[in-house]
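# Secondary and tertiary structure notes
For reference, the chains in residue letters:
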Amino acid sequence: QRAPQAPAPAPRTAKPVIVIDPGHGGVDAGAIGAAHAIEKTIVFDFARLLAAQLEASGRFQVAMTRRSDVFVALDERVRIARAANAALFVSIHADMLHDGPSVTGATVYTVSDRASDAEAARIAEQENQADAAAGHDSDEALGDVADILFDLTRRETRAYSHVFARALVDRWK
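Residues numbered from 1 in each chain as written. Predicted model: local features only at pLDDT ≥ 70, side-chain atom pairs only at ≥ 80, totals over all residues. Heavy atoms only, no water.

### Describing the nonpolar core
Within soluble globular proteins, side chains that are nonpolar generally end up buried alongside one another. Put simply, the rule is: In plain words, nonpolar cores are sets of buried Ala, Val, Leu, Ile, Met, Phe, Trp, Tyr and Cys residues tied together by side-chain atoms within 4.5 Å. Accessibility here uses a 1.4 Å probe with only protein chains present; expressed as a share of the type maximum, an area under 20% marks a residue as buried, one over 50% as exposed, and anything in between as partly exposed. Secondary structure elements follow DSSP: runs of H or I no shorter than four residues count as helices, runs of E no shorter than two count as strands, and numbering proceeds from the N terminus. Residue contacts are defined here by distance: any two heavy atoms, one from each residue, within 4.5 Å place the two residues in contact.
If you look at the biggest cluster of nonpolar residues, it comprises 11 residues: Ile 18, Ile 20, Val 43, Phe 44, Ala 47, Ala 51, Leu 54, Phe 60, Val 62, Met 64 and Ile 92. Looking at this core, the elements with two or more residues in it are strand 1 (17-22), helix 1 (39-57) and strand 2 (61-64). With five residues, the single largest contributor to this core is helix 1. Among residues more than four places away in sequence, those in contact with Phe 44 are Pro 22, Met 64, Arg 66, Arg 67 and Ser 68.

So this is what it looks like as structure tokens:
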């Protein structure tokens, strides 16, 4: 007698994973605005609402880099996204611009080799210093192979990031 044949594997129906990263947290409050609005609280509340809406759509799986008011180092946020095999990583911030109350709207940033303007450069530098401000030492010694892999990944995702950013901005309009 022959052993029964194993059934064909089921088609993959896994939902894309979206990792939502509410910026700042714990000892890192982020920007503090009028009426003592604290960035880490605003973005956390927004991120939870966004996650709930995405999950309710039934189209996505959602992972969060933090689920409470705790500090999560930048490299840990990246590790969470990679471990979840994220199709999209959305980091949410509520930056305060120097132009004050005359500025309204939203800004969408994607991976780039250089900032689009001086304000974007200032904000990126400030956000990239979050680990140091929270007393966390980053591992600067990535090595040549890691640098090359990062560069390849960045090139591969740059086009997708741009398409997503355009679609998001168009939807907001």
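### Quick notes on the environment of Gly 25
Mapped onto the secondary structure, Gly 25 falls in the loop between strand 1 and helix 1. On a C-alpha basis, the gap between Gly 25 and Ala 73 in space is 9.7 Å, while along the polypeptide they are 48 residues apart. When sequence neighbours within four positions are dropped, the list of residues in contact with Gly 25 reads Lys 40, Arg 66, Asp 69, Val 70 and Phe 71.

### A few points about the pattern of salt bridges
The following threshold applies: By convention in these notes, a salt bridge is any Lys or Arg side-chain nitrogen within 4 Å of a carboxyl oxygen on Asp or Glu.
Going through the model one piece at a time under the given rule, you end up with five salt bridges. Here Arg 77 makes a salt bridge to Asp 21, at a shortest N to O gap of 2.3 Å. Taken as a pair, Arg 77 in helix 2 (residues 74-83) and Asp 21 in strand 1 lie far apart in primary sequence, 56 residues in all. We note that Arg 77, like Asp 21, is buried.

### Digging into helix 2
Residues three or four positions apart in an α-helix share a direction because the helix packs 3.6 residues into each turn. This is how the line gets drawn: The directions considered for the arc run from the helix axis to the C-beta atoms.
Within the span of helix 2, buried status applies to Arg 77, Ile 80 and Ala 81. The arc enclosing the buried residues of helix 2, seen along the axis, measures out at 95°, which places them on a common side. Away from the buried face of helix 2 by more than 90 degrees, exposed residues Arg 82 and Ala 83 are located. Looking at the packing, one finds that the buried side of helix 2 touches strand 1, strand 2 and strand 3 (88-92).

### A closer look at helix 1
To be explicit about the condition: In this analysis, the expected span of each helix is defined as 1.5 Å times one less than the number of residues it contains.
Taking 1.5 Å per residue as the helical rise, helix 1 with its 19 residues ought to reach 27 Å, and the 27 Å between its terminal C-alpha atoms agrees with that figure. For helix 1, every residue scored as buried is listed here: Glu 39, Lys 40, Val 43, Phe 44, Ala 47, Ala 51 and Leu 54. Buried residues of helix 1, seen end-on, are gathered within an arc of 115° and therefore sit on one face of the element. For helix 1, the exposed residues set more than 90 degrees away from the buried face come down to Leu 49, Gln 53 and Ala 56. One or two steps after helix 1, the chain reaches Gly 58, where phi turns positive at roughly 75°.

### A closer look at unusual backbone geometry
Residues other than glycine seldom take positive phi values, yet His 24 does so here, at roughly 70°. Within the fold, His 24 resides in the loop between strand 1 and helix 1. Phi at Asn 85 is positive, roughly 55°, even though this residue is not glycine. Looking at where Asn 85 falls in the secondary structure, it is placed in the loop between helix 2 and strand 3.

### A short note on the sheet that holds strand 1
The line we're drawing: The pairing criterion is simple: DSSP has to find at least two bridges between the two strands. Angular values range over 0 to 180 degrees, each being the angle between N-to-C directions of two axes fitted as lines to C-alpha atoms, with helices fitted over their stretch in contact.
With parallel pairing, three strands are arranged side by side in an open sheet as 2-1-3. Every interior strand has two partners, whereas the edge strands, strand 2 and strand 3, have only one. The average undirected angle you get between the axes of adjacent strands in this sheet is 25°. Examined bridge by bridge, strand 1 and strand 3 share five bridges and lie parallel to one another. By the bridge assignment for strand 3, Ile 20 is matched with Val 90. Seen against the sheet, helix 1 touches strand 1, strand 2 and strand 3 and runs at an angle of roughly 165° to strand 1.

The values are spatial; any link to function lies outside them.
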